[in-house]
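Here are the chains, one letter per residue:
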Amino acid sequence: MPVRVRYAPSPTGSPHVGNLRTAIYNWLLAKKEGGQFIARLEDTDRTPERYVPEGMWDIEESLRYLGIVPDEWWVTGGPKGPYIQSQRLEIYKEYAEKLVAEGKAYYCYCSKERLEAMRKEQQARGIPTGYDRHCRDPQRREQMRLKRLSEEGVEPTPVIRLAMPLEGQTVVHDLVRGEIVYENRSQDDQILLKSDGYPTYFLACVVDDHLMGVTHVIRGDDWLSSAAKFMAVIQAFGWEPPKLVHPPLILGPDRKKLSKRHGATQFMEFVREGYLPEALFNFLVLLGWSAGEENREIM
Ligand code: GLU
């Protein structure tokens, strides 16, 4: 099977250097294997601080600066498009409903107030916060629906949650970290589709990776802690998982995630400071990797 990788940024602002390093890693694998590199915009989190439309222009500009031209992406389109997730809402809804019909996901009518009170109580008791699976039980679900209907006077719109297996373990095979085992019991019944019709990351990303024929998911290792949820969604659909690769994040000298405190973190800041594309590309490739040849700093 030919290698198909994707770079899936969210337009949350001007891209971080770490984000573009991930793009480079994906692109290099595609080039080496004679495969395809797809760029998909993951813009389903519409909270104002997480949705910055101008961020998209900076992402495009940064890729161009690095000389990376995706084989398929939102700018020029392609056979598996559209490559902007907010234009694919119908697809995600259909797949979420399919899981509900198969009993692998369920409607949840819990109100914001109930969830908030539940979280506060969990915090006060010093136990891990998470959904208590109230609506997983059909009777309680119906009671909750009727309660909201009588309180609000209109039919409440539910969210769709994954019915996480309650027993056993989810095993994630990562090409960098090896085998990682997660206890299913400790995993939340993740929201897949929100009441506003937008999917969460887990649904949209898994569905798109499948429909777009992605063979390798290369992404920062901050996604490792939720990799069990990602895998559980793939397993609920019964799909073959892509190969997972989680390179370590770029850290500052203090071993903390690279942030503003350490100086420039946005790729475009380096561009504005006059660094040449080749130098930036070379610099990003060598952050966290070396060819194993002593003192070779120019690739
Ligand atoms: N939209 C996610 C992000 O920007 C993508 C993560 C992934 O590559 O799966 O972090």
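Throughout this document, residue positions are counted from 1 along each chain, in the order its sequence is written. Local features in this predicted model are restricted to residues of pLDDT 70 or higher, and side-chain atom pairs are both shown and tallied only at a pLDDT of 80 or more, whereas totals for entire chains, interfaces and linings draw on every residue. Hydrogens are left out, water is left out, and the side-chain values use all remaining heavy atoms of the structure.

Let's talk about the site of the ligand
Here comes step 1: A single heavy atom is enough: if one lies within 4 Å of a molecule or strand, its residue is considered near that molecule or strand. Around the ligand lies a shell formed by Arg 6, Ala 8, Pro 9, Ser 10, Glu 42, Tyr 201, Cys 205, Arg 219 and Trp 223.
Here comes step 2: In protein, a polar contact means a hydrogen-donor-capable atom and an acceptor-capable atom, both N or O and within 3.5 Å, with residues adjacent in sequence counting only if both atoms are side-chain atoms; elsewhere, any N or O pair within 3.5 Å suffices. Between an oxygen atom of the ligand and a side-chain N or O atom of Arg 6, the distance comes to 2.8 Å.
Here comes step 3: If the ligand stood free it would expose 300 Å²; the protein chains cover 84% of that surface.
Here comes step 4: With respect to the pocket detection grid, the ligand is positioned in the largest pocket.
Here comes step 5: Gly is put with the polar residues, along with every residue not named as nonpolar or charged; the nonpolar set is Ala, Val, Leu, Ile, Met, Phe, Trp, Tyr, Cys and Pro, and the charged set is Asp, Glu, Lys and Arg. Residue composition of the shell around the ligand, by class: 5 nonpolar, 1 polar and 3 charged. For every accessible area listed, the method is Shrake-Rupley and the probe measures 1.4 Å; residues are considered covered only by the protein chains on display. Cavity means a closed set of points on a 1 Å grid over the protein atoms alone, one where a 1.4 Å probe fits but cannot get out, pocket means an open set with protein on both sides within 12 Å along at least 5 of 7 lines, and lining means a residue has an atom within 4 Å of a point. For a molecule to be placed in a cavity or pocket, more than half of its atoms must lie within 2 Å of the grid points of that cavity or pocket.

Quick word on the nonpolar core
Here comes step 1: Of all hydrophobic cores here, the largest spans 71 residues; its most connected members are Trp 74, Phe 230, Phe 237 and Phe 267.
Here comes step 2: Per-element accounting of this core gives the leading share, 9 residues, to helix α7 (residues 227-237).
Here comes step 3: We call two residues in contact whenever any of their non-hydrogen atoms come within 4.5 Å of each other. Setting aside its immediate chain neighbours within four residues, Phe 230 contacts Tyr 201, Phe 202, Cys 205, Val 206, Asp 209, Val 217, Arg 219 and Leu 244.
Here comes step 4: Counting 10 residues, the second largest nonpolar core, distinct from the first, contains Cys 110, Met 118, Tyr 131 and Met 144. Take the buried Ala, Val, Leu, Ile, Met, Phe, Trp, Tyr and Cys residues and link them wherever side-chain atoms come within 4.5 Å; each set so joined is a nonpolar core. The buried label applies to any residue whose accessible area, calculated with a 1.4 Å probe on protein chains only, is under 20% of its type's maximum; exposed applies above 50%, and partly exposed to all values in between. Helix numbers and strand numbers start at the N terminus; a helix is a DSSP run of H or I with at least 4 residues, a strand a run of E with at least 2.

Observations concerning the environment of Ile 38
Here comes step 1: Note on placement: Ile 38 falls in strand β2 (residues 36-39).
Here comes step 2: If sequence neighbours within four positions are ignored, Ile 38 has contacts with Arg 4, Val 5, Arg 6, Tyr 7, Glu 72, Tyr 83, Met 212 and Val 214.

Topic: the sheet that holds strand β8 (residues 191-193)
Here comes step 1: Two strands qualify as a pair provided that DSSP identifies no fewer than 2 bridges between them. Across the sheet, which stays open at both edges, the 3 strands sit in the order β4-β5-β8 with antiparallel pairing between neighbours. Looking at strand neighbours, the two that pair on one side only are β4 (105-108) and β8, the edges of this open sheet. Across the sheet, the mean angle separating the axes of adjacent strands is 45 degrees when strand polarity is ignored.
Here comes step 2: Bridge count for strand β5 (residues 159-162) against β8 is 2 bridges, and the pairing is antiparallel. Each residue of the ladder has a partner; that of Arg 161, found in β8, is Ile 191. Here the axes come from fitting lines to C-alpha atoms, over the contacting stretch only for helices, and the angles between their N-to-C directions go from 0 to 180 degrees.

A few points about the pairing of β5
Here comes step 1: In β5, alternate side chains face the same way, and those of Val 159 and Arg 161 on one face and Ile 160 and Leu 162 on the other are all buried.
Here comes step 2: As paired elements, β4 and β5 share 4 bridges and run antiparallel to each other. If you follow Tyr 106 over to β5, its bridge partner there is Arg 161.

Digging into the packing of aromatic side chains
Here comes step 1: For Phe, Tyr and Trp, rings pair up if their centres lie within 6.5 Å, where Trp contributes its six-membered ring, and each pair is then called stacked (planes under 30 degrees apart), edge-to-face (over 60) or tilted (otherwise). Going through the model one piece at a time under the given rule, you end up with 11 aromatic pairs.
Here comes step 2: Here Phe 237 and Trp 239 contribute two aromatic rings whose centre-to-centre distance is 4.2 Å and whose plane-to-plane angle is 10 degrees, an arrangement assigned as stacked.
Here comes step 3: Taking relative accessible area as the criterion, Phe 237 reaches 9% and is therefore assigned buried.
Here comes step 4: Given the relative accessible area of 16%, Trp 239 is considered buried.
Here comes step 5: In this structure an aromatic cluster arises from ring pairing among Tyr 201, Phe 202, Trp 223 and Phe 230.
Here comes step 6: Over the aromatic face of Phe 230 sits the side chain of Arg 219, whose NZ or CZ is 4.3 Å from the ring centroid. A ring has a charge above it when a Lys NZ or an Arg CZ is no more than 6 Å from the ring centre and no more than 35 degrees off the ring normal.

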